[in-house]
Amino acid sequence: EEEEEEEEEEEEDDDDDEDEDTEELMRELAKIKQERAAEEEARKAEAEKMDARAKRDEVMKGNPLMMAEGDLSLKRKWDDDTVFKNQARTAPKQKQRYINDAVRSDFHKKFLNKYVWVDSIAH
């Protein structure tokens, strides 16, 4: 009988040890999860900070007024002050455009101006 009691006590001790070990492992697991979550948050915060900095730098570089390097006046071409600009030998021909409406087409407008009198005035 004493041996049976000792065996039962040992089993109870083993169960208690296993329960304690399990609890300790669960605490350790929770601690590791917390640490990983904290690391992930820190990583995300750093990434957001870098994105914000990159965006700000991009905006600053995109605005030439913010980059005050050298002369900010407009550069003029050498022929800007010439008197005879845009002088072609012949007037540029207007491209014919296609309109899918017979009444609004260029041909129809030209025809009306040439052959039809509106308000007793030929156009």
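Described in the following lines is the structure provided in the data block. All values reported here derive from a predicted model rather than from experimental measurement.

1. Side note on the pattern of salt bridges
Under the criterion given, the structure shown has two salt bridges. A salt bridge links Glu-40 to Arg-43; its shortest N-O distance comes to 2.5 Å. With Glu-40 and Arg-43 both in helix 1 (residues 2–62), this residue pair falls three residues apart, about one helical turn. Residue Glu-40 is classed as partly exposed on the basis of its relative accessible area of 33%. According to the relative accessible area criterion, Arg-43 is partly exposed, its value standing at 49%. Among the ionic pairs, Arg-104 bridges to Asp-101, the shortest N-O distance being 3.0 Å. Residue classification places Asp-101 among the partly exposed positions, given a relative accessible area of 28%.

2. Regarding the layout of surface pockets
When its volume is computed, the largest pocket comes out at roughly 220 Å³. Lining the largest pocket we find Gln-94, Lys-95, Gln-96, Arg-97, Ile-99, Ser-105, Asp-106, Phe-107 and Lys-110. Broken down by class, the residue content of the lining of the largest pocket amounts to two nonpolar, three polar and four charged.

3. Side note on the packing of aromatic side chains
For any two aromatic rings, the description comes down to two numbers: the centre-to-centre distance and the angle of the planes. Applying the stated criterion across every chain, the model contains two aromatic pairs. Taking 6.4 Å as the distance between ring centres and 25° as the angle between the ring planes, the aromatic pair formed by Phe-107 and Phe-111 counts as stacked. Of the two residues, Phe-107 and Phe-111 both sit in helix 2 (residues 106–115), four residues apart, roughly one turn of that helix. Owing to a relative accessible area of 65%, Phe-107 belongs among the exposed residues under this scheme. Within the aromatic cluster, the residues linked to one another by ring pairs are Phe-107, Phe-111 and Tyr-115.

Conventions adopted
Residues numbered from 1 in each chain as written. Predicted model: local features only at pLDDT ≥ 70, side-chain atom pairs only at ≥ 80, totals over all residues. Heavy atoms only, no water. Salt bridge = Lys/Arg side-chain N within 4 Å of Asp/Glu carboxyl O. Helix = DSSP H or I, 4+ residues; strand = E, 2+ residues; numbered from the N terminus. Buried < 20%, exposed > 50% of the residue type's maximum accessible area, 1.4 Å probe, protein only. 1 Å grid on protein atoms, 1.4 Å probe; cavity = no way out; pocket = protein on both sides within 12 Å on 5 of 7 lines; lining within 4 Å. Points joined across faces, edges and corners; volume = space filled by probe spheres on them. Nonpolar A, V, L, I, M, F, W, Y, C, P; charged D, E, K, R; others polar. Phe/Tyr/Trp six-rings, centres within 6.5 Å; stacked < 30°, edge-to-face > 60°.

All we've got here are geometric facts, nothing functional implied.
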